[in-house]
Amino acid sequence: MALTREEREQFLAEPHVAALAVTATEQDRSPLTVPIWYQYRPGGDVWIMTGLNSRKGKAIAAAGRFCLMVDRVSPTVRYVSVEGPVVSTVPATRELLVEMSSRYLPAEKVEGYVDFAWKEHGEQVVIHMRPQHWLSSDLGEV
């Protein structure tokens, strides 16, 4: 059964690890699909953080859009997929890295991870995507 708008937005707002898919820039390759952390608030844009010169960063810049899919298997099998255009790409800030890390990591791990990532991951960008196309379903208990 398809989710209502409120249900799918609330589910997307939960801290799932998403599968990001974007058209590959190489002609002989399938779409690039990788796990990624993301941030979303109902009614807003989705944003991700990635390396400026990473394969996914370059592929998103070339395609101008990407897709995220999140799912769970308990207590019911549920998924939400959202796809849309990139509406902005801006340099990452330490504050946004803290926000994203706090969404996924225990509080006591955030500072150490942020210190490491800010120093070791190279130049990062924040890419905002406007949700345009949604697919969702809750298959119930299977």
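Our structure is the block above this text.
The rules behind the values
Residues numbered from 1 in each chain as written. Predicted model: local features only at pLDDT ≥ 70, side-chain atom pairs only at ≥ 80, totals over all residues. Heavy atoms only, no water. Helix = DSSP H or I, 4+ residues; strand = E, 2+ residues; numbered from the N terminus. Rg over C-alpha atoms; globule rule 2.2 N^0.38 Å. Buried < 20%, exposed > 50% of the residue type's maximum accessible area, 1.4 Å probe, protein only. Areas by Shrake-Rupley, 256 points an atom, 1.4 Å probe, with all protein chains shown as cover. Lys, Arg positive; Asp, Glu negative; His and termini not counted. Charge placed at Lys NZ, Arg CZ, Asp CG, Glu CD. Expected span 1.5 Å × (residues − 1). Bend = angle between axes of the 7 residues up to and from the residue. Contact = heavy atoms within 4.5 Å. Polar contact = N/O pair within 3.5 Å; in protein donor to acceptor, adjacent residues only side chain to side chain. Pairing = 2+ DSSP bridges. Arc of directions from axis to C-beta.

### A word on the overall build of the protein
(1) Moving on: Across its full length, the protein carries 4 helices and 8 strands.
(2) Moving on: Ordered by position from the N terminus, the helices and strands of the protein form the series α-β-β-β-β-α-β-β-α-α-β-β.
(3) Moving on: Taken against the 2.2 N^0.38 rule, which gives 14 Å for 142 residues, the C-alpha radius of gyration of the protein at 16 Å falls within 12% of a compact globule.
(4) Moving on: With the C-alpha coordinates aligned to their principal axes, the bounding extent of the protein is approximately 45 × 45 × 25 Å.
(5) Moving on: Going through the 142 residues of the protein one by one, you find that 39% of them count as buried.
(6) Moving on: With the model as given, the accessible surface of the protein reaches about 8,100 Å², and the carbon-plus-sulfur share is 54%.
(7) Moving on: Positive and negative side-chain charges in the protein, numbering 15 and 18 respectively, have mean positions lying 3 Å apart.

### As for helix α4 (residues 107-120)
(1) Moving on: Between its first and last C-alpha atoms α4 spans 21 Å; for 14 residues at 1.5 Å apiece the expected length is 20 Å, and the two agree.
(2) Moving on: The sharpest bend along α4 reaches about 25° and sits at Y113.
(3) Moving on: Within α4, the full set of buried residues consists of V110, V114 and A117.
(4) Moving on: Tucked inside the fold, the buried residues of α4 contact α3 (94-104).

### Details of the side chain of H16
(1) Moving on: With respect to the helices, strands and loops of the structure, H16 is situated in the loop between α1 (5-13) and β1 (18-22).
(2) Moving on: Note on H16: relative accessible area 13%, which makes it buried.
(3) Moving on: From its side chain, H16 meets the backbone oxygen of F11 in a polar contact 3.4 Å long.
(4) Moving on: The residues touching H16, leaving out its near neighbours within four places in the chain, are F11, Y38, V70, D71, R103 and Y104.

### Describing the pairing of strand β7 (residues 124-129)
(1) Moving on: Counting buried positions along β7 yields 5 of 6 residues, so the element is predominantly enclosed.
(2) Moving on: In the sheet, strand β4 (residues 46-51) pairs with β7 via 6 bridges, with the strands oriented antiparallel. Bridging across to β7, W47 finds its partner in H128.
(3) Moving on: Two strands pair when backbone bridges link them, and strand β6 (residues 77-91) and β7 are joined in this way by 5 bridges, in the antiparallel orientation. Across the sheet, P91 pairs through a bridge with V125, a residue of β7.

### Some remarks on the environment of K119
(1) Moving on: Looking at where K119 falls in the secondary structure, it is placed in helix α4.
(2) Moving on: Judged by its relative accessible area of 64%, K119 is exposed.
(3) Moving on: Sequence separation of K119 and R103 is 16 residues, and the distance between their C-alpha atoms is 20 Å.

### Observations regarding helix α2 (residues 55-63)
Every α-helix winds through 3.6 residues per turn, so residues three or four apart in the chain are directed the same way.
(1) Moving on: Taken together, the buried positions of α2 are G57, A59 and I60. The buried residues of α2 occupy an angular sector of 165° when projected down its axis, which confines them to one face. Opposite the buried face of α2, by more than 90 degrees, sit the exposed residues A61 and A62.
(2) Moving on: Looking at the packing, one finds that the buried side of α2 touches β1, β4, β5 (65-72), β6 and β7.
(3) Moving on: Note on α2: the residue one or two positions beyond its end, G64, has a positive phi of about 75°.

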